[in-house]
Amino acid sequence: MVRPSSGKATLLRLGFVDPESAQASLTRLGPAAEPILAMLGLVADPDLALTGLVRLVGSAGEAEAGELLDALVDDEGSAMRLLGVLGASEALGHHLARHPEHWRELTDPTLGSSRPAAYAMRESLLRAVGADPADEVAVATLARPEALDALRVEYRRILLRLAARDIAHDLPVTDVAAELSDLAVGTLDAALAVARSVVPNASAVRLAVLAMGKTGGHELNYVSDVDVIFVHEPADRPDDPVDDQTALRAATQLAGQLIAVCGDLTAEGRIWAVDANLRPEGKAGPLSRTLAAMGGYYERWASTWEFQALLKARPAAGDLSLGSAFVELVQPYIWHAAEREGFVEDTQAMRRRVVAHIPAKDADRELKLGEGGLRDVEFAVQLLQLVHGRADDRLRSPATLPALRALTEGGYVGREDGETLHAAYSFLRTLEHRIQLQRLQRTHVVPDDEASLRRLGRGMGFLKEPVPALLAEWQRQRREVRRLHEKLFYRPLLSAVARIPGEVARLSPEAAQRRLAALGYEDPAAALRHLEALTQGVRRAADIQRALLPAMLQWFAEGPDPDAGLFGFRRISEALGTTHWYLRTLRDEGMVAERLARLLSTSRYATALLEREPEGVRILGGDLQPRATEPVVEEMLSTGRRRDDAEPGVRAIRAVRRRELLRIAAGDVLGLTDVRAVSEGLSRLTDATLEATLQVVGEAVRTERDLTEAPTALAIVAMGRYGGFELSYASDADVLFVHRPVEGADQQVAASYALAVATELRRLLGLAGPDPALEVDADLRPEGRSGPLVRTLDAYAAYYGKWHSVWEKQALLRADAVVGDPDLRAAFTALIDPVRYPAGGVGDDEVHEIRRIKGRVDAERLPRGADPATHLKLGRGGLADIEWTVQLLQLRHAHEVEGLRTTSTLDALAAARSAGLVGQRDGALLDEAWRIVSRIRNAVTLVRGRASDQLPQAARERRAVASILGYPPGSSDELVNDYLRATRLAHGVVDTVFWQ
Amino acid sequence: MGKQEDFVLRALEERDVRFVRLWFTDVLGFLKSVAVAPAELEAAFAEGIGFDGSAIEGFARVYESDMLAKPDPSTFQILPWRETVSGPATARMFCDIVMPDGSPSYADPRFVLKRTLSKAAEKGFTFYTHPEIEFYLFKDVPQKGKSPLPVDRSGYFDHTAQSMGSDFRREAITMLEQMGISVEFSHHEGGPGQQEIDLRYADALSTADNIMTFRTVIREVALSQGIWASFMPKPYTEHPGSGMHTHVSLFEGDANAFYEPGAEYGLSKTARQFIAGVLLHAPEISVVTNQWVNSYKRLITGSEAPTHVSWGHNNRSAMVRVPMYKPLKGQSTRVEVRTIDAACNPYLAFAAVLAAGMKGIEDGYDLPREAEDDVWSLTDRERRALGLDALPTSLAEAISLAESSELLADTLGEHVFDFFLRNKRAEWQEYRGVVSPFERDRMLPIL
C-alpha cells in the first residue's frame, strides 16, 4: 500500500489552500491524520474542516478525543459526516467545539437512511425543557434561563444531524426543507411549553400557533424568520369561566413569551426570530385574536397579498384543533381572492416593485429577489394556484414544488417548463442552503469573495474549477427561471386549442378563457379562436407558432389593445403563412416579433400598412430611423422606371413609399423616433416621392408627345406644413408648380407640357389603390383654385410684383422649393425672398390685417360643435395659434434676424428666442406645446388609422394614444390634463405675443 | 368580487336595504347622489354605474359625457335618518369618478385632493386636518325676500327654541357617531343660533369625506326637527359669519414634521416654510377657500375672520394662527388656517392649502415677521409698513388673482381650474347686475 503523502503538492491537489497550516494541524492529529486525508479532499472546505477537527479534538477530553479519532479512522461513514459538516459550516464547527459530546450523534449509522419523525423531534425538544410530551398542555419544568439554553442546545443537536444527512447523504432539497420545518414546529411547541411555565394565567386560554410562510409551506431554510399567526379562545372551564379580556391578556403574554424564548440571545446564541407580522393589521394589530375576530377581519379588511400568504397557513403548535379551525375558516377567502378585480395586475405589480427595490449593489448576487430569483418561481406558482385553484382543488398545496408538480400534471403549466423550473428551483434552494449553513446566518446573497465561492462550489459538487463552474451554473439556472417565468402564463393556453406532442394534460377551454381574461383580453372566446386558427394547418408552421405564441401573447397583453393585436397577427400570419422567411424571422429574431406585437396591439395605421404588404414585417428587424432622401429616390426610380407605363411606374414608387411610411410609423410607435424626426422623415419621404414621380411622369409625357427633350424645366415648391418640414401622417402635400421654358422653346408647347405633367402627377399619386394615396394640393397658388395650376417663373414674378396680399406673404414663409430642376428652384427662392422677408418688416396695417384674418379663422374655421379646448389644430393654444404667432414674428423681423428666414416653426421660434423677440420662458412654452400637440396628432392617426384633429374621446383610443406617448396604463386623463395645461400656457403667450 | 364587496352585498340582505345612494361631490362642493337598487350593486362594483357627466356641474367636457361612478365599499354606511325601526333601510357609499377606460377622472374633486396628497407623499409627508365648522340654525325654511329667524336669540327668552337647540345637538351627535364620525360640539357665542362643531383630527381625505357627510347629517337632522341649517358664510350683516378654521399639520411617518423641540413655538423649519407658502399664496387660492360672493362679506375687519396675509401666535386677527404650544405634546403641533369658510368644497380647499404650503417647503420660503398687533386695529399705512398684504375683498378680485395662478392651475388640474373660474366669473357677473336693498335704502330717498 502506498502511503498517502502529506506533502505540499498533495495537499494542494486535495483542495487545501493553506498547506503550511494544514501540515501543522495534521501533525497534531497524529496517526489518525493519514487515513482521513483523502476524505478531507472531498469536503467543501478542507482547511476549515481540518481546523474544526483540531479544535474539536482539543476541546474534548483526552479519552473522548481518542475515541473520536478512532471512530473516524474505523468508520468511513462517521468520518464522512463529521468532516462534511465541519467543512461546510463554521457555525456548526463552533457548536461542536462547545459541545464536543455531540460528535457521537454523527456516528449513528441510520442517519443516511431514515428521516426523523416530526413527533420524535417534538418530543425530544419538549423533554429538553423538562416538559412531558404526553401532556396535551405541556409545561416546562426547567427554570426559564436553563430552559432557554437547553432548548438551544437540543435544537442545534438535531440540526447537526440534519446537516450531516444533507451534506453527506445528498438529501433532496425538498426533504431538507421539510425536516427543517418539522424542527421549527417542534421548537415552537417547546417554546410554548416554556412560555406556559412563566405566564401566570396561562391556563385561561387555548392558544394555537399557525405556521405561515416557508414554515407553513414545509419549505423552510436553514436560517430564516419563522412566520406565525396566533389564534386563541378562552379556555373551556365551565366552573371558572374566563372573560374575553383575561383570555386576550393571557394569549398576548404567551405569544410574546414564545417569541422571546426563540429569539432571545443567550450564551447559547439564539434560534431564530419569530415573525408575527403576517397577522391581521400587521404590527399595529393585537398579537393574537379569537377565531371570530379573525373571521371579521378577513371578511372585510384583508388585502390581496394577505390571501396569498394564507395559502401556506397550517396548524403548528399549541392547540392543534383550534389551529385547524382557523385554516378551515380562511379557506373560502383564499379561493375567492383571484376573483377580485385587478388581482393579477396587483400581484404582478407587487413583484415588479420588489425587483425595483433591491439595492443595486446586491441585485446581481441576490438569490431570492431579483429577476430569475427564487421569488420569481414562488410568485408565479402562487399566482397560478390562486387563478385556477378555486375550480381545481388538486392545486391547493402549500409548498412550492408540490404545487408546481400539481400545476404541471393538471396541464396548467407545460410539462417541459414545469420540469425545468423544478430543477432550477431546486438548484437555487440548495445553493441558498449551503450559503446559510456556513455561518448559520440569514442571507440570500451569494458571497463575492473567492474563498466563500470556492467552498460553495465544492460543496455543490464542482470539485474542478469550483468558482467558474458554480457561477456559470447559477447564471444558467437564473436565465432559465427568467425565461420560463415569462412564458409560464401563456404557453399552456395553447394546449387548450392544439394538441401538443408530449403533453398529457390539457388546459380546459374554460380555464384558458379565465386566464386570458385575467391577462387583459376583453374577448377571451374570440382570442381562443384566433389561437386555434394560428396553431392549425401545416405542421411545421404550427410548430413554430406554438413556440412563438407564448411570447407574442404576453406582448399583446402589455399593449393597449391585446385583442386587436392577436387578431392582426392572425390575419398577417394567414397572409404570409407559407412564406418561407416569415415565421423563421419571427422565431429567430426576437426583436422583430416583439416589435410586431407592439405595433399590432397599438396602431391601426401600422396594422393597415402591414396588412396591405405583410412583407413589411421584414424591415422591423432593421433600423427604423427615417431614411435620407437620395437613396429612397434612387430606389423609387430604379423600380419605377422598370415599368413600361407611368401608371404601374408610379404604383411601384408608391409601394416604396408605403414601406417607408411603415418604417417611420413603427419607429414612432416604438418610441425610437422623436416628433421632429418623424415630421422631417415624412417630409423627406414626400420629397422623394414627388421627385421620382415627377421624373417618371415627365418621361411618359415626353414619350407620348414624341419629345426628346423637355421643353421646360419644372419644379415643385413645398408649402404649408410640408414646406415647413413638419408633415404628419395624414397631411396633404401643399405645393406650387413652377416652370421655366428652355431657351427657344415654344411657350405654348412648354405650358401644355408642364400642365400635363403636373396634372398626371397629381392624378397618379391620388389614385385609389392598395397604397395610401398622396393628395397633392395646389390650392395655395396665386388666385387659388381659379388660377392656373402651373405658372412660369416670370408669371410668378409678375404676380408677386403686383398683387401680393399679406396672407400670401405669410403663406410664402413656408415655401421651400425642394423638388425638380435645381436652377429653377434657386431662382424661385430668390424671387420670393424679398416678398416674404420685406425690408423693414411688414407695416402696421398688414399686422392688423393678419390679426383680423386670424380672428376670423378662429371664429369660423373650427368645425361646428368641435370643442375648442381639445381641437389640435385650431383650438386654444393649438398648432394654428403657435404657428401664426411665429409667422407674425417672421414677417416683422426676418429682414433683420437671419435665423428667422426658415420655413420651420421650431427653428424660427428658437431664432426668435435668441434674438429676444420672445422671452425665454414664453419661447419654451410655445416649443413644448407645439411638440405635444404634434405628437398627439401623429399618435391619433397611428391609433385610429385615419387623421383627426380632435383629441380622441373614445376611451380605448385615448388609452392607446397615451401609451404611444409613453404614459403608463390607467393615466389617459393625465394625458388630457397635460395637453390642456400646455395649450393653455401657450395660449397665454400667444395672447401677448400675437395680439399685442 | 372582493370580501368588502361581499360584505356590503350581505349587509344589504341582512339589513333589508332597499336603496343604496352612491355619493360623490361636484366641482362646486355639492353632494350628488345616485340611488340604485341592491340588485344593480354587483354590477356597480365591477364596472361602475354609468352616468351622464354633462348633467353634473363641472364634470364633463362637451362630447365626452360618459363617466362611471365606482362605489368604494369601505365607505358603506346605513343612513341613520332613513332608518325606521323595522322597515327597510337606505345606505350610502362614496364613489370615485372614473373614465370609461378606468383612468381616474380629472374632473373629480376627490381625485384633485388625492393627487395633491400623493405629491406630498412623494416628499414623505401625510397631511392631517381638523376643521372647526360653524353654521347657523334658523326657525324656518328660507323664503325669498324674508330675513331668517335664528332658533335662539340672545336676550330673548324663547324657551321652546332653546330646547330645540339642545335637542338638535343631541340628535346630531348621535347620528354623526352612527355614521362613524366623532365630534366635539360647542354652542357658539358669536351669533344667535350659531353652532360650532369640531371634527376629529384625521388625514385630509377622510376629513373631506367626513365634512361632506357632516353637512348632510346636519341638514337632515334640522329638517327632521322642522328647522333649517345653513353653512352660508355670512347670513347676517350684524352677526359673525360661519368659518371653517382648519388646523393642519404634516407628518413624516409617525413624527410630526411641524415640531422641533426647543424652536420658537416648537415650530420646525418645515412648519415655518409651510406657513410661508400658505401666506404667500393665500390671495391666489382665495377663490377656492372662499368661493362665493357672500364669502367676502365674512372677511371683514372685526369679525373672527382675517383680512390680511399675516401670521401670529394666539393672535385672533391673524390669517394663520399658531396655537399655544403645549410642552411634551410635540405630536400635536399644528397651525390654524382661518380663511377657509364652511361653504367651500373641502376637497379643493384642502388641496389648495396643502399645495401652497408644499410650495413653501419645496422652494424654501422665508417666514415673514410675526404679526403681534391686532391687525384690524392698524391703519392702512401701518399695515403697509409691516408688509401686510390684503386678502381679496371681493370675488372679482379673487378671480383675477386666481386666473394668473400657476399653482392653482397645477393643483386643480386643467379641467377643474377652467370650469371653476368660468363658473365663478358667471356668478360674479350675475351678482354685479343685481340692485340690492342697501342701494335702495340708501339712495332712493336722496337721489
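The model shown is predicted, which means the values in this text are computed figures rather than measured ones.

Side note on the overall build of chain B
For chain B, the count of helices and strands is 13 helices and 16 strands. The 447 residues of chain B split such that 46% are buried.

A word on the nonpolar core
Residue and element names in this part refer to chain A. Formed by 303 residues in total, the largest nonpolar core has its most connected members in A665 and V717. Setting aside chain neighbours within four positions, we find A665 in contact with S603, Y605, A606, L609, Y729 and L942. Grouped together as the second largest cluster of nonpolar side chains are 114 residues, A131, V231, I271 and I334 included.

Some thoughts on the environment of R415 of chain A
As for its position among the elements, R415 of chain A is in helix α20 (residues 415-439). As for R415 of chain A and R405 of chain A, which are separated by 10 residues in sequence, their C-alpha atoms are 9.1 Å apart.

Overview of the packing of helix α30 (residues 604-612) of chain A against helix α42 (residues 920-944) of chain A
Residues and elements named next belong to chain A. One can describe the packing of α30 onto α42 by two numbers: an axis separation of 4 Å at closest approach and a directional angle of 50 degrees. In this view, α30 runs oblique relative to α42, as classed from their interaxial angle. Judged by residue contacts, R604, Y605 and A606 of α30 engage T941, L942, V943 and R944 from α42. Across the contact of α30 with α42, the residue classes break down as four nonpolar, one polar and two charged.

Quick notes on the confidence of the model for chain B
All names here are of chain B. Averaged over every residue, the pLDDT of chain B is 85; the share at 70 or more is 91%. By mean pLDDT, helix α4 (residues 159-178) is the weakest element of chain B at 74, and helix α8 (residues 346-362) is the strongest at 96. Under a pLDDT of 50 for its full length, residues 155-160 has, in the predicted model, two contacts with residues more than four places off or in other chains. Scored as a whole, the predicted complex attains pTM 0.67, and scored at its interfaces, ipTM 0.73.

As for the pairing of strand β2 (residues 226-234) of chain A
Residues and elements named next belong to chain A. Most of β2 is tucked away: seven of the nine residues are buried. Judged from the seven bridges that link them, strand β1 (residues 205-211) and β2 form a sheet pairing that is antiparallel. Paired with V209 across the strands is F230, a residue of β2. Of the pairings in the sheet, the one linking β2 to strand β3 (residues 274-275) comprises two bridges and is parallel in character. Note on β3: the bridge partner recorded for D227 is D275. You can see the chain leave β2, run along helix α12 (residues 244-263) and come back into β3, and the turn it takes is right-handed. Strand direction decides the pairing type here: β2 and strand β4 (residues 288-289), joined by two bridges, are parallel.

Regarding unusual backbone geometry
Residues and elements named next belong to chain A. With phi around 60 degrees, H218 is a residue other than glycine that occupies positive phi space. Topologically, H218 is positioned in the loop between α11 (213-216) and β2. We classify H218 as buried; it has 23 C-beta atoms within 10 Å. One non-glycine residue with positive phi stands out, namely E783, at about 70 degrees. Here E783 is to be found in the loop between β8 (776-777) and β9 (790-792).

Describing the packing of helix α13 (residues 291-300) of chain A against helix α15 (residues 320-336) of chain A
All names here are of chain A. Packing of α13 against α15 leaves a shortest axis separation of 10 Å and a crossing angle of 15 degrees. When the axes of α13 and α15 are compared, the pair comes out roughly parallel. Helix-helix and strand crossings are classified by hand; for α13 and α15 the assignment is right-handed. Contacts between α13 and α15 involve L291, M294, G295 and Y298 from the first element and A325, F326, L329, V330 and Y333 from the second. Tallied by class, the residues present in the contact of α13 with α15 amount to eight nonpolar, one polar and no charged.

Rules and cut-offs
Residues numbered from 1 in each chain as written. Chains lettered and ligands numbered in written order. Predicted model: local features only at pLDDT ≥ 70, side-chain atom pairs only at ≥ 80, totals over all residues. Helix = DSSP H or I, 4+ residues; strand = E, 2+ residues; numbered from the N terminus. Buried ≥ 20, exposed ≤ 12 C-beta atoms within 10 Å, placed from the backbone. Core = buried A, V, L, I, M, F, W, Y, C linked by C-beta atoms within 7 Å. Contact = placed C-beta atoms within 7 Å. Axes fitted to C-alpha atoms, helices over the stretch in contact; angles between N-to-C directions. Parallel < 35°, antiparallel > 145°, perpendicular 65-115°, else oblique. Nonpolar A, V, L, I, M, F, W, Y, C, P; charged D, E, K, R; others polar. pLDDT = per-residue confidence, 0-100. Pairing = 2+ DSSP bridges. Right-handed = clockwise from strand over helix to strand, strands pointing away. Left-handed = near helix turned anticlockwise from the far one by under 90°.

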